[in-house]
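Here is how the chains run, residue by residue.
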Amino acid sequence: MKKITIAIDGFSSTGKSTLAKQLANHLGYIYVDTGAMYRAVALFAMQNGCINADSFDKQTLINSLPNIKLQFKFNTDLGFAEMYLNEANVETEIRTIEVSSFVSKVAEVSEVRTKLVEQQKEMGKDKAIVMDGRDIGTVVFPDAELKIFMTASATTRAQRRYDELVAKGDAVTFEEVLANVEERDYIDTHRKDSPLVMAEDAIEIDNSHLNRKEQFELVLELVSEIAKTI
Ligand code: DC
């Protein structure tokens with residue numbers, strides 16, 4: 001089957017990464033979680049004096065960008081690539097509620113987006129890639145053969161994220177997680193640079209009432225249809 005580029009965008013906690021991993025494993029494609037890259041930059045900012053008295057010092061982060069090295073390294077036991085920030089594995093640290101609460105502010109910074117988009121384009125230059133994020137079908141790979149836009153209600157998404165965090169032992173409340181999901185939706189869709197919008201040629205999937213298997217089979221069918229036409 002001919003190799004294609006698959007762009008998966010959508011709101012937070014819509015299960016983009018679950019679907020993307022399933023597709024990449026099944027097709028033998030590379031999987032890239034671009035949210036992890038923005039999260040790693042947010043973690044760097046939190047650890048390197050870019051937050052002063054609760055306010056975000058953008059300029060310090062912009063000046064530090066050349067010192068931020070992001071890499072994905074495949075973990076054969078887990079079956080996916082983990083995020084490394086300046087050679088340290090940060091896969092767990094980037095998933096905390098503190099990083100989740102701060103990351104949208106970092107993702108608004110154009111200089112950050114320019115750096116990450118450039119690295120993402122480079123990773124996808126040979127196709128055979130599934131990339132998920134917010135601007136993949138619109139900015140990173142506007143020519144992707146398959147673009148999926150995933151949605152689900154805010155409460156469904158907050159419940160999923162809450163269950164994940166509780167399973168990891170994080171002390172959070174459902175209300176806190178819902179507020180975080182809603183706040184991120186707002187910032188992601190209202191920012192000036194690359195706001196979250198559905199690409200005109202994307203296929204929308206609302207998975208509020210679809211299980212993982214149904215969703216995977218639906219998208220796999222789309223992949224085979226597209227592969228036949230190119
Ligand atoms: O998918 P996620 O929740 O891990 O993403 C973390 C944050 O990064 C989210 O608030 C939106 C932002 N993001 C983005 O602006 N562009 C991307 N391509 C991926 C994520």
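Residues numbered from 1 in each chain as written. Predicted model: local features only at pLDDT ≥ 70, side-chain atom pairs only at ≥ 80, totals over all residues. Heavy atoms only, no water.

Student: Help me out: how do you make sense of the site of the ligand in this one?
Tutor: Near the ligand you find 15 residues, and of these Arg39, Arg113, Arg134, Asp135 and Arg184 are the closest. At 2.7 Å, a side-chain N or O of Arg39 approaches an oxygen atom of the ligand. At a separation of 2.9 Å, an oxygen atom of the ligand approaches a polar side-chain atom of Arg134. Within the complex, the protein chains bury 97% of what would otherwise be the 450 Å² of accessible surface of the ligand. Those elements that provide at least two residues to the shell around the ligand are helix H2 (34–47), helix H4 (97–107) and helix H8 (174–190). Here the element with the most residues in the shell around the ligand is H2; it accounts for 4 residues. For the shell around the ligand, the residue count by class is 4 nonpolar, 4 polar and 7 charged. (Near = heavy atom within 4 Å. Polar contact = N/O pair within 3.5 Å; in protein donor to acceptor, adjacent residues only side chain to side chain. Areas by Shrake-Rupley, 256 points an atom, 1.4 Å probe, with all protein chains shown as cover. Helix = DSSP H or I, 4+ residues; strand = E, 2+ residues; numbered from the N terminus. Nonpolar A, V, L, I, M, F, W, Y, C, P; charged D, E, K, R; others polar.)

Student: Is there a simple way to think about the packing of aromatic side chains in this case?
Tutor: Two measures describe an aromatic ring pair: the distance that separates the ring centres and the angle between the ring planes. By the definition in use, this model includes 3 aromatic pairs. On the basis of an interplanar angle of 80° and a centroid distance of 6.2 Å, the ring pair of Phe11 and Phe149 is categorised as edge-to-face. With Phe11 in the loop between strand E1 (5–10) and helix H1 (16–27) and Phe149 in strand E9 (residues 146–151), the pair connects residues that are 138 residues apart, well separated along the chain. Note on Phe149: relative accessible area 6%, which makes it buried. Geometry around Phe80 places Lys21 over its ring, the cationic atom sitting 4.1 Å from the centre. (Phe/Tyr/Trp six-rings, centres within 6.5 Å; stacked < 30°, edge-to-face > 60°. Buried < 20%, exposed > 50% of the residue type's maximum accessible area, 1.4 Å probe, protein only. Lys NZ or Arg CZ within 6 Å of the ring centre and 35° of its normal.)

Student: Looking at this structure, how should I read the side chain of Gln215?
Tutor: On the secondary structure map, Gln215 appears in helix H9 (residues 212–229). Among the polar contacts made by the side chain of Gln215, one reaches the side chain of Asn207 at a distance of 2.8 Å. Not counting chain neighbours up to four residues away, the residues in contact with Gln215 comprise Gly15, Leu19, Met150, Asn207 and Leu210. (Contact = heavy atoms within 4.5 Å.)

Student: Explain the nonpolar core to me, please; I cannot follow it from the model alone.
Tutor: Note that soluble globular proteins tend to have their nonpolar side chains buried in a common cluster. Core analysis: the largest hydrophobic core is formed by 36 residues, its most contacted members being Val41, Leu61, Ile68, Leu70, Met83 and Val112. For this core, the secondary-structure elements that each account for two or more residues are H2, helix H3 (58–64), strand E6 (80–85), H4, helix H5 (110–123), strand E8 (129–133) and helix H6 (136–140). No other element matches H2, which puts 9 residues into this core. If we skip the residues at most four places from it in the chain, Val112 touches Tyr38, Val41, Leu61, Leu65 and Val106. One finds Ile4, Leu23, Met150 and Leu220 within the second-largest nonpolar core, a separate group that totals 22 residues. (Core = buried A, V, L, I, M, F, W, Y, C linked by side-chain atoms within 4.5 Å.)

Student: How do you make sense of the packing of H1 against H9 when you look at a structure like this?
Tutor: Two quantities define a packed helix pair, namely the angle between the helix axes and the distance between the axes. At their nearest, the axes of H1 and H9 sit 10 Å apart, and the two run at 55° to each other. One finds that H1 runs oblique with respect to H9. Both H1 and H9 take part in a crossing whose hand is right-handed. Residues Thr18, Leu19, Gln22, Leu23, His26 and Leu27 of H1 lie in contact with H9, whose contacting residues are Arg212, Gln215, Phe216, Val219, Leu220 and Val223. (Axes fitted to C-alpha atoms, helices over the stretch in contact; angles between N-to-C directions. Parallel < 35°, antiparallel > 145°, perpendicular 65-115°, else oblique. Left-handed = near helix turned anticlockwise from the far one by under 90°.)

Student: I tried to follow the UniProt feature "domain: Cytidylate kinase" (unreviewed entry) in the protein on my own but got confused; where do I start?
Tutor: Mapped onto this numbering, the UniProt entry annotates "domain: Cytidylate kinase" (unreviewed entry) at residues 6–224. In residues 6–224, helix accounts for 49% and strand for 19%; the two terminal C-alpha atoms are 12 Å from one another. (UniProt positions renumbered as here; feature names shortened; annotations may be inferred.)

Student: Can you help me understand the packing of H4 against H8 in this one?
Tutor: The interhelical angle for the contact between H4 and H8, taken along N-to-C directions, is 15°, at an axis separation of 9 Å. As summarised for this structure, H4 and H8 are arranged roughly parallel, according to the angle between their axes. With respect to the hand of their crossing, H4 and H8 are arranged in left-handed fashion. Residues Ile97, Ser100, Ser101, Val103, Ser104 and Lys105 of H4 lie in contact with H8, whose contacting residues are Val177, Asn180, Glu183, Arg184, Ile187 and Asp188. When the residues that make up the contact of H4 with H8 are grouped by side-chain class, the tally is 4 nonpolar, 4 polar and 4 charged.

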